[in-house]
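As a plain string of letters, each chain reads:
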Amino acid sequence: MKRIDFSKLRKGDILLTTSTHPQSKAIRTFTKSDISHAMLYVANGSVMDSTGEGVHARNLQRQIYDDDCVIYAYRAEATIDPKTMNQIVDYVRSETGAPYATLDAMRSPLKPERKGSAAQFCSRLVARAYANAGCPLTDNPDYTTPADLQRSERLESVPDVVLHVTAEEKAEFEAGDSVKGMREVTNDLLERVRAISPAIRVLNDIYPFLLANPSFDAAIAEAHRASGFLDYWKVEMARHPYRYDSVEMVRFYQSTEQKDELLEYCRTTLEDDAANAFAHWQVNLGACAALLEMKPLETFRLNRDLYATLCFNHERRVKTAHMLVSVYGDRAGT
């Protein structure tokens, strides 16, 4: 078994993989390649992709592959400035919840010249993200296949991105995937709000819909509550309380046998914070606060409070990580 070593990746890197699923074999056959899926790395061990669940984030630490499955990583050959790279990542995040374009995905090897639908499939999502930022990777982003990305002259290979894992590690990785749970509550929320208005395609559509249709505020606010979307952050805190409290972090460090791994987690947390990997929470907080000033709707208030909580908890996590590295950072391996 193996997984992707995200320590080798940068924001905006493209991951191309395959699986043992029959659909993967069909895609590889039609595209004459050894890969069938594309993902975009957004930082903090997280990727965004489009599957039958829609567009969502995934945790690379929880993505386990059979030894027969191929894994490639690619990076833009030309240097992309941070502002443009943020545009690329912001695009895929803005598509969270977008439905899967099954028919368009099937047509993509035929290279239709027309424009594709608003729905997404994996390689379309990645290609559109780059094209949206003015950095096209293929001739037609709407009908790009994973193989087209692999063959793009504007990408270069990133070597040594595979780590081998044991059966025991596999079981540990597969337990308690909080990102999977977040996908589930997000899809639950979208199912509820789409029952109110089928025009809502992605999460970001909810706000403009409410501005134009404030009478639906109570129903959409209730959809947020009933789905668990507003409270899912509590799952992460319950699983890893030491990440948010300096005293608990020291106790955990002193008791664990995996001190080096814990320090590496803290260093990665600090690196991601320095790279503004979680800046979108602050942006969302500002947007919800502005919306609430425009119209005092309950849905806007609920989301403002949610993002205020996420920002506050992130600050606690960064401070706790900084403390542990400052105190024990020179003692790794001792």
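Above: the structure in question.
Residues numbered from 1 in each chain as written. Predicted model: local features only at pLDDT ≥ 70, side-chain atom pairs only at ≥ 80, totals over all residues. Heavy atoms only, no water.

A. Summary view of the sheet that holds strand β2 (residues 14–17). Ordered in space as β5-β4-β3-β2-β6-β7, the six strands form an open sheet in which the pairing is antiparallel. In this open sheet, the two strands that pair with only one neighbour each are β5 (54–59) and β7 (155–157). Across the sheet, the mean angle from the axis of one strand to that of its neighbour is 35°, orientation sign disregarded. Of the strand pairs in this sheet, strand β3 (residues 37–43) and strand β4 (residues 46–51) are connected by three bridges, and their pairing is antiparallel. Of the residues in β4, the one forming a bridge with A43 is S46. (Pairing = 2+ DSSP bridges. Helix = DSSP H or I, 4+ residues; strand = E, 2+ residues; numbered from the N terminus. Axes fitted to C-alpha atoms, helices over the stretch in contact; angles between N-to-C directions.)

B. Spotlight on the pairing of β2. Side chains I14 and L16 project from β2 onto one buried face, and the interleaved L15 and T17 project onto a second face that is buried too. Two strands pair when backbone bridges link them, and β2 and β3 are joined in this way by four bridges, in the antiparallel orientation. The partner of I14 across the bridge, within β3, is L40. With four bridges joining them, β2 and strand β6 (residues 71–76) adopt antiparallel strand pairing. Its bridge partner being in β6, I14 is matched across the sheet by Y74. (Buried < 20%, exposed > 50% of the residue type's maximum accessible area, 1.4 Å probe, protein only.)

C. Main features of the side chain of D5. Among the structural elements, D5 can be located in the loop between β1 (2–4) and β2. For D5, a relative accessible area of 10% translates into the label buried.

D. Spatial organisation of the pattern of salt bridges. If you walk through the whole model with that rule in mind, you get 21 salt bridges. The closest approach of N and O atoms between E53 and R58, which form a salt bridge, is 3.0 Å. With a relative accessible area of 33%, E53 lands in the partly exposed category. Taking relative accessible area as the criterion, R58 reaches 7% and is therefore assigned buried. (Salt bridge = Lys/Arg side-chain N within 4 Å of Asp/Glu carboxyl O.)

E. Spatial organisation of the packing of helix α2 (residues 82–94) against helix α4 (residues 122–132). Direction vectors running N to C along α2 and α4 enclose 140°, while the axes themselves pass 8 Å from each other. In terms of orientation, α2 lies oblique with respect to α4. With respect to the hand of their crossing, α2 and α4 are arranged in right-handed fashion. Contacts from M85, Q87, I88, Y91 and V92 of α2 reach α4 at L125, R128, A129, Y130 and N132. Grouping the constituent residues of the contact of α2 with α4 by class yields seven nonpolar, two polar and one charged. (Parallel < 35°, antiparallel > 145°, perpendicular 65-115°, else oblique. Left-handed = near helix turned anticlockwise from the far one by under 90°. Contact = heavy atoms within 4.5 Å. Nonpolar A, V, L, I, M, F, W, Y, C, P; charged D, E, K, R; others polar.)

F. Spatial organisation of α4. Across the 11 residues of α4, nine count as buried, placing the element largely inside the fold. Residues of α4 that are buried include every one of C122, S123, R124, L125, V126, A127, R128, A129 and Y130, and no others. Residue G134 follows α4 closely and has a positive phi angle near 80°.

G. Structural view of the pairing of β6. Summarising burial for β6: five of the six residues are buried, a large majority. The sheet contact formed by β6 and β7 spans three bridges and is antiparallel. Residue pairing for β7: R75 is matched across the bridge by E156.

H. View of unusual backbone geometry. Although it is not a glycine, A43 sits at a positive phi angle of roughly 115°. We note that N276 has phi near 60°; this positive angle belongs to a residue other than glycine.

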